[in-house]
Amino acid sequence: MFDSHAHLCDEKFNHDRDDVIQRAYDNGVTAMLVVADSLNTCEQVCSLAARYSNMYPTAGIHPHNAAFVSEDTVVDLEHFIKTHRDVKAVGETGLDYYYGHDTVTVQKVLFEKQVCLADSLKLPLVIHCRDSQSDIVNILNKYSAVQGVFHCFSSDETFCNEVLEMGFYVSFSGIITFKNAQAIRDAAHCVPLDKLLVETDCPYLAPQGYRGKRNEPAFISATVKCLAEIKQCHVDEIVKRTTENARTLFQIED
Ligand SMILES: [Zn+2]
């Protein structure tokens, strides 16, 4: 299984990070995308990923950090990516109007700069989208060559189809296993197997059965199993296809 979104540098893993990673590999996780959310975590995810095989870093600024950026932040990010050639994607970036209603203007500038950066460096985007669908689409539409994934998809079928029409991948997290998540399961139903990714978004969003606990990559099998039920296929097929898709999107050749 390829966990396409893990915040392994989160402080919640500070006391047992290596054990968590070992448990992931022991439980069938074969690769992980370790996601940054600030310039600081860019450094951290790159050094962590360098210590393990089949672990790949991203570099980007999360909309939650929009209040802390300066004019130079994206310039520094560009320099960071150009000097760290192992970076596989720009992100996590996006727009969050649920938490960030007072930083909307800064978020939009920060997001568009990162989309532009992904476009010029030919890297895919890892997109966080919360209550901000139309603004995300409007910005992405200005950069038609850019590719990426809508991570932790939690909207409905209508928006899912819009995302697919733009050629983007759709990634589902443990939310899909929650009892009240029928609309998200309906959205997953319409994602073709060649556009599907799977993730934990750990340490957040532990799947049903682990709710309330700190999430970790080893728990991803619950989400894979749920996707197999929705798509009415074997678990192995979901594992195979989501792994292939992640490798294609993030241009992983080794
Ligand atoms: Zn995330």
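Please refer to the structure placed before this passage.
The structure reproduced in this document is the subject of the present report. Since the model is a prediction, treat every value here as computed from it, not as a measurement.

Here strand β7 (residues 169-172) shows a buried face lined by Tyr169 and Ser171 and a second buried face lined by Val170 and Phe172. With helix α6 (residues 157-165) bridging strand β6 (residues 148-150) and its parallel neighbour β7, the resulting β-α-β unit is right-handed. Note: β7 against strand β8 (residues 196-198), three bridges, orientation parallel. Bridging across to β8, Phe172 finds its partner in Val198. Note that the unit made of β7, helix α7 (residues 182-189) and β8 has a crossover that is right-handed.

The tally for this structure, following the rule as stated, stands at eight aromatic pairs. Ring plane angle 80° and centroid distance 5.6 Å describe the contact between Phe150 and Phe168, whose orientation is recorded as edge-to-face. With Phe150 in strand β6 and Phe168 in the loop between α6 and β7, the pair connects residues that are 18 residues apart, well separated along the chain. Note on Phe150: relative accessible area 2%, which makes it buried. Ring geometry for Tyr210 and Phe219: centres 3.9 Å apart, planes at 15°, overall stacked. Tyr210 gets classed as partly exposed once you look at its relative accessible area, which sits at 27%.

This part is about the coordination of the zinc ion. Under ideal tetrahedral coordination, the four donors around a metal are separated by 109.5 degrees; under ideal octahedral coordination, the six donors are separated by 90 or 180 degrees. Note on the zinc ion: its protein donors are His5 (NE2), His7 (NE2), Glu92 (OE) and Asp201 (OD). The metal-donor distances range over 2.1 to 2.8 Å. Note that the zinc ion binds four donor atoms; their angles at the metal cover 86 to 175°, and the shape is irregular. Going along the chain, you hit the donors of the zinc ion in the pattern H-x1-H-x84-E-x108-D. Pair noted here: His7 is in the loop between β1 (2-6) and α1 (17-26) and Glu92 is in strand β4 (residues 89-96), with a separation of 85 residues, a long-range link. An identical accessibility class is assigned to His7 and Glu92; each is buried.

This part is about the state of the cysteines. Enumeration according to the criterion identifies zero disulfides in this entry. Of all cysteine sulfurs, the one in Cys9 lies closest to Cys202, which takes part in no disulfide; the gap is 10 Å. Judged by its relative accessible area of 0%, Cys202 falls in the buried class. Unpaired in this structure, Cys233 has its nearest cysteine sulfur neighbour in Cys226, at a distance of 12 Å.

So, on to the pattern of salt bridges. In a structure, side chains of opposite charge can pair up when their charged atoms sit close to one another. Within the structure shown, the criterion is met by 10 salt bridges. Across the pair Arg23 and Glu216 runs a salt bridge, and its minimum N-O distance is 2.7 Å. One end of the pair, Arg23, is in helix α1; the other, Glu216, is in the loop between β8 and α8 (220-231), with 193 residues separating them in the sequence. Residue Arg23 is classed as partly exposed on the basis of its relative accessible area, which comes to 33%. Residue class for Glu216 comes out buried when judged on its relative accessible area of 4%. Here the salt bridges share partners, and the residues they tie into one network are Asp16, Arg23, Arg214 and Glu216.

Quick look at the layout of surface pockets now. Taken as a whole, the largest pocket encloses approximately 850 Å³ of empty space. Lining the largest pocket we find 30 residues, and of these His62, His64, His128, Asp201 and Tyr204 sit closest to its centre. Those elements that provide at least two residues to the lining of the largest pocket are β4 and β5 (125-130). No other element matches the three residues that β5 contributes to the lining of the largest pocket. Reported here for the second largest pocket is a volume of approximately 220 Å³. In terms of lining, the second largest pocket is formed by Ile81, Lys82, His84, Arg85, Val87, Lys88, Leu121, Leu123, Phe250 and Gln251. A class-by-class count of the residues in the lining of the second largest pocket yields five nonpolar, two polar and three charged.

Analysis parameters
- Residues numbered from 1 in each chain as written.
- Predicted model: local features only at pLDDT ≥ 70, side-chain atom pairs only at ≥ 80, totals over all residues.
- Heavy atoms only, no water.
- Buried < 20%, exposed > 50% of the residue type's maximum accessible area, 1.4 Å probe, protein only.
- Helix = DSSP H or I, 4+ residues; strand = E, 2+ residues; numbered from the N terminus.
- Right-handed = clockwise from strand over helix to strand, strands pointing away.
- Pairing = 2+ DSSP bridges.
- Phe/Tyr/Trp six-rings, centres within 6.5 Å; stacked < 30°, edge-to-face > 60°.
- Donors = N, O, S within 2.8 Å, 3.2 Å for Na, K, Ca; no water.
- Tetrahedral: all angles 85-135°; square planar, octahedral: opposite > 155°, others 65-115°.
- Disulfide = S-S within 2.5 Å.
- Salt bridge = Lys/Arg side-chain N within 4 Å of Asp/Glu carboxyl O.
- 1 Å grid on protein atoms, 1.4 Å probe; cavity = no way out; pocket = protein on both sides within 12 Å on 5 of 7 lines; lining within 4 Å.
- Points joined across faces, edges and corners; volume = space filled by probe spheres on them.
- Nonpolar A, V, L, I, M, F, W, Y, C, P; charged D, E, K, R; others polar.

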